[in-house]
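The residues making up each chain are set out below.
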Amino acid sequence: MIRISRDYVTGAHSPSDTPAARCQSGDTVWFETRNCYDDRLAADGSEFEPENAVENPATGPLYIEGAKKGDVLKVEILDITLKGIGYMRQSTVGGAFYERVSERVVREFDVSGDTLQFNDTLTFPINTMIGVIGVAPETEAISTVIPGDHGGNMDCTRIIEGSTVYLPVNVDGALLAIGDLHALMGDGECMICGLESAGEVTVRVSVVQEDALPTPCVVTAHDPCNPTRICTIQSEEDLMAAAKKSANCMLDYLLARTDLDEYDGGKLLSLKGDLIINQIVNPLLTVRMELDKSILDAYEVDIP
Ligand code: CA
Ligand code: CA
């Protein structure tokens, strides 16, 4: 298996980045990721050599041979493994609660098992997600703090083991980078961080052609208790704009691949499409529309 260690981190998705590794379409690749604090934060709030820190680092980039502008990069999340400890640091500048606190209090949590012991009263299942997964934009470099059409810091709780992420290919090789794992996070990420953890992600990457597929999007992991869903993810400066864009991406996809028109497509999404806030804390805000994949199956829409 191709392996990219935590030594290969970047602070931007950039078309001029030197690839950390190369692979063929269909290959399985292992990424070792640092936490969003660049693995420098300690439980007492101190940071190791903060002057050298990469903000919200992503591991990579991976060059996928044969990927060309206009293709779609399919990334199947095969496995996510955490490395022992997760951190949360209160924000005093952003998120929903910063005006109520004055200190950047840090807490450290054991994330080595299947459960998070939040305190003596509360225990939750670990549900690890990937905060940053993106490809290089066509021209400029975009910080790994920022989400966008290239993916990036989308903080989508649907990007977990077993899910499939679809990203646009903007440059030769796509240049995939992954980081910012959260052992647990609520939709919205209201206090600016998830349970930030270093770890390892194993993916299968494939180059596919599907003109109508709205990117970035996710097909959710198989879950015996819940329907499989497709999620269109969009980021804008305000939530309304992000909500409209993600809903319209889903509508465009339906119009391209079914015999629905604007009228019935809109009605369908108003009945069965769910708009959900990914995060309210990054420089652009992210909303996704979720739709049961069974609706696409009914129209025999093939997602490659
Ligand atoms: Ca994030
Ligand atoms: Ca994070």
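Just above, that's the structure.
Summary of the structure given here. (Residues numbered from 1 in each chain as written. Chains lettered and ligands numbered in written order. Predicted model: local features only at pLDDT ≥ 70, side-chain atom pairs only at ≥ 80, totals over all residues. Heavy atoms only, no water.)

## Notes on the pairing of strand S19 (residues 229-236)
For the record, the criterion: When accessible area is computed with a 1.4 Å probe and restricted to protein chains, residues below 20% of their type maximum are described as buried, those above 50% as exposed, and intermediate ones as partly exposed. Under the DSSP-based scheme used, a helix requires at least four consecutive residues in state H or I and a strand at least two consecutive residues in state E, with every element numbered from the N terminus. In this scheme, strands are said to pair when DSSP sees at least two bridges between them.
Counting buried positions along S19 gives seven out of eight residues, so the element sits mostly inside the fold. Strand direction decides the pairing type here: strand S18 (residues 217-219) and S19, joined by three bridges, are antiparallel. Across the sheet, the residue bridging to Cys-217 is Thr-232, located in S19. When S19 meets strand S21 (residues 285-292), the two strands line up antiparallel, connected through eight bridges. By the bridge assignment for S21, Ile-230 is matched with Leu-291.

## Regarding the packing of aromatic side chains
For clarity, the cut-off: Centres within 6.5 Å make a pair out of two Phe, Tyr or Trp rings, where for Trp the six-membered ring is used; the pair is then stacked when the planes are under 30 degrees apart, edge-to-face when over 60, and tilted otherwise.
Evaluated as defined, the whole model comprises two aromatic pairs. Consider the rings of Phe-109 and Phe-118, whose centres lie 5.8 Å apart with planes at 15°: the pair is stacked. Residue Phe-109 is classed as buried on the basis of its relative accessible area of 4%. What makes Phe-118 partly exposed here is its relative accessible area of 29%. Taken together, a centroid distance of 6.5 Å and an interplanar angle of 55° make the contact between Phe-118 and Phe-124 tilted. Taking the relative accessible area as the measure of exposure, Phe-124 reaches 30% and is therefore partly exposed. Through a chain of ring-to-ring contacts, the aromatic side chains of Phe-109, Phe-118 and Phe-124 assemble into a single cluster.

## Focus: the pattern of salt bridges
Just so we agree on the cut-off: One speaks of a salt bridge when a side-chain nitrogen belonging to Lys or Arg is within 4 Å of a carboxyl oxygen belonging to Asp or Glu.
Tallied over the entire structure, the rule returns 19 salt bridges. Among the salt bridges present, the one from Glu-138 reaches Lys-69, with a minimum N-O distance of 3.3 Å. Placement of the pair is Glu-138 in the loop between strand S11 (129-134) and strand S12 (142-143) and Lys-69 in the loop between strand S6 (58-64) and strand S7 (72-89), with a sequence separation of 69 residues. Its salt-bridge partner being Asp-149, residue Lys-245 comes within 3.8 Å of it at the nearest N-O pair. Placement of the pair is Lys-245 in helix H1 (residues 239-257) and Asp-149 in the loop between strand S13 (147-148) and strand S14 (151-153), with a sequence separation of 96 residues. Classification of Asp-149 by relative accessible area gives partly exposed; the value is 47%. Each of Arg-158, Asp-187, Arg-229, Asp-274, Arg-288, Glu-290 and Asp-292 takes part in salt bridges that share partners, so that together they form one network.

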